[in-house]
Amino acid sequence: MTDYLPLDDQIRVLFDAVRHPKGRPYTLQEVSERIDVSLATISQMRSGRIKNPQLHTLRELCRFFDVPLHYFETRTIEACYAISQTNQPPIPPVAHEIAVHAARLSPAAQQDVLVLIRWVQAAEAQQRRDPGLSPLPHLEAFDGQG
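Residues numbered from 1 in each chain as written. Predicted model: local features only at pLDDT ≥ 70, side-chain atom pairs only at ≥ 80, totals over all residues. Heavy atoms only, no water.

Undergrad: Help me understand the overall build of the chain in this model?
TA: Across its full length, the chain carries 7 helices and 0 strands. When the helices and strands of the chain are listed from N to C terminus, the series reads α-α-α-α-α-α-α. Burial analysis of the chain (146 residues in total) assigns 27% to the buried set. Pairs at least 24 residues apart make up 51% of the contacts formed inside the chain by residues separated by at least 6 positions. Just so you have it, the chain exposes about 10600 Å², and 56% of that area is on carbon and sulfur atoms. (Helix = DSSP H or I, 4+ residues; strand = E, 2+ residues; numbered from the N terminus. Buried < 20%, exposed > 50% of the residue type's maximum accessible area, 1.4 Å probe, protein only. Contact = heavy atoms within 4.5 Å. Areas by Shrake-Rupley, 256 points an atom, 1.4 Å probe, with all protein chains shown as cover.)

Written out as structure tokens, the structure is:
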């Protein structure tokens, strides 16, 4: 017998790794509304109550999350993430640079950076809702000397 990763772990990774175009995780309801699988079934799979779903259900999830069917043959969380990220848009270089710099900060400073990012996201969302608002100022590059 092959030791595949439990289905509930595989489903959790899909919801964590494959993001909505707005950058947030998909909700169970959003997935259910876009595929031919009930909300209850997806919920039961994610919670571990359904361990052996129908092939049709797996195919629908694969189609939605844009992963191959062999995703459900993974044995590790790392393999799940590797497969689920294959068809995702590449991370822009500036976002990668932000992550590299943030990784070198203390945990408290990382939280501060996250607060700043969320503040900018909220300001951009407000700007989209009310285009009459002044745009965010563009900050000058900081060279570390000053």
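Next, the rest of the story.
Undergrad: In this structure, what is going on with unusual backbone geometry? I would like to understand it.
TA: The bulk of non-glycine residues show a negative phi, and the bulk of peptide bonds are trans. At D66, a position not held by glycine, the phi torsion is positive, near 60 degrees. Summarising the element assignment, D66 is placed in the loop between α4 (55–65) and α5 (77–84). Here D66 falls in the partly exposed class, since its relative accessible area comes to 40%.

Undergrad: In this structure, what is going on with the packing of helix α1 (residues 7–17) against α5? I would like to understand it.
TA: Angle between the axes and distance between the axes are the two parameters that describe a pair of packed helices. Close contact between α1 and α5 brings their axes to 10 Å; oriented N to C, the two are set at 40 degrees. By the angle between their directions, the pair α1 and α5 is classed as oblique. In this structure, the crossing between α1 and α5 has a hand that is right-handed. Packed against α1, whose contacting residues are D9, Q10, V13, L14, D16 and A17, the element α5 presents I77, C80, Y81 and S84 at the interface. For the contact of α1 with α5, a count of residues per class yields 6 nonpolar, 2 polar and 2 charged. (Axes fitted to C-alpha atoms, helices over the stretch in contact; angles between N-to-C directions. Parallel < 35°, antiparallel > 145°, perpendicular 65-115°, else oblique. Left-handed = near helix turned anticlockwise from the far one by under 90°. Nonpolar A, V, L, I, M, F, W, Y, C, P; charged D, E, K, R; others polar.)

Undergrad: Is there a simple way to explain the pattern of salt bridges in this structure?
TA: Side-chain pairing between opposite charges can occur once the charged atoms of the two side chains come close. Summed over all chains, the structure comprises 5 salt bridges. Salt-bridge contacts for R19 lead to D16; the nearest nitrogen and oxygen are separated by 3.5 Å. Overall, R19 belongs to the partly exposed group, its relative accessible area being 32%. Since its relative accessible area comes to 36%, D16 is described here as partly exposed. (Salt bridge = Lys/Arg side-chain N within 4 Å of Asp/Glu carboxyl O.)

Undergrad: What should I look at first to understand the packing of α1 against helix α3 (residues 39–47) in this one?
TA: Between α1 and α3, whose axes approach to 6 Å, the crossing angle comes to 110 degrees. One finds that α1 runs roughly perpendicular with respect to α3. For the pair α1 and α3, contact is made by L7, D8, I11, R12 and F15 and by I42, M45, R46 and S47, respectively. When grouped by side-chain class, the residues that make up the contact of α1 with α3 number 5 nonpolar, 1 polar and 3 charged.

Undergrad: What's the story with a nonpolar patch on the surface in this structure? I'm lost.
TA: Residues V94, I98, L114 and I117 make up a contiguous nonpolar surface patch of roughly 310 Å² in combined accessible area. Sorting the residues of the nonpolar patch by element identifies α6 (93–103) and α7 (107–129) as the ones contributing at least two each. Looking at the secondary structure, you find I117 in helix α7. For I117, a relative accessible area of 35% corresponds to the partly exposed category. (Patch = residues over 30% accessible without salt bridge, like charges linked within 9 Å, V, L, I, M, F, W, Y side chains within 5 Å.)

Undergrad: I tried to follow the confidence of the model for the chain on my own but got confused; where do I start?
TA: Detailed reading of the predicted coordinates is not advisable wherever pLDDT is low. Predicted confidence across the chain gives a mean pLDDT of 87, with 90% of residues reaching 70 or more. No element of the chain has a lower mean pLDDT than α6, at 83, and none a higher one than α3, at 97. (pLDDT = per-residue confidence, 0-100.)

Undergrad: I'm lost on the packing of aromatic side chains in this one. Help?
TA: To describe a pair of aromatic rings, you give the distance between the ring centres and the angle between the ring planes. All chains considered together, the criterion is met by 5 aromatic pairs. Seen in terms of ring centroids, F15 and F65 are 5.1 Å apart; in terms of plane orientation they differ by 70 degrees. Their pairing is edge-to-face. Linking F15 in helix α1 with F65 in helix α4, this pair joins segments that are 50 residues apart in sequence. Taken individually, F15 and F65 each receive the classification buried, so the pair is uniform in this respect. Judged by centre distance (6.4 Å) and plane angle (85 degrees), the rings of Y26 and F65 are edge-to-face. With Y26 in the loop between α1 and α2 (28–34) and F65 in helix α4, the pair connects residues that are 39 residues apart, well separated along the chain. Neither Y26 nor F65 differs from the other in exposure class; each is buried. Here the aromatic cluster, defined as three or more aromatic residues joined through ring pairs, consists of F15, Y26, F64 and F65. (Phe/Tyr/Trp six-rings, centres within 6.5 Å; stacked < 30°, edge-to-face > 60°.)

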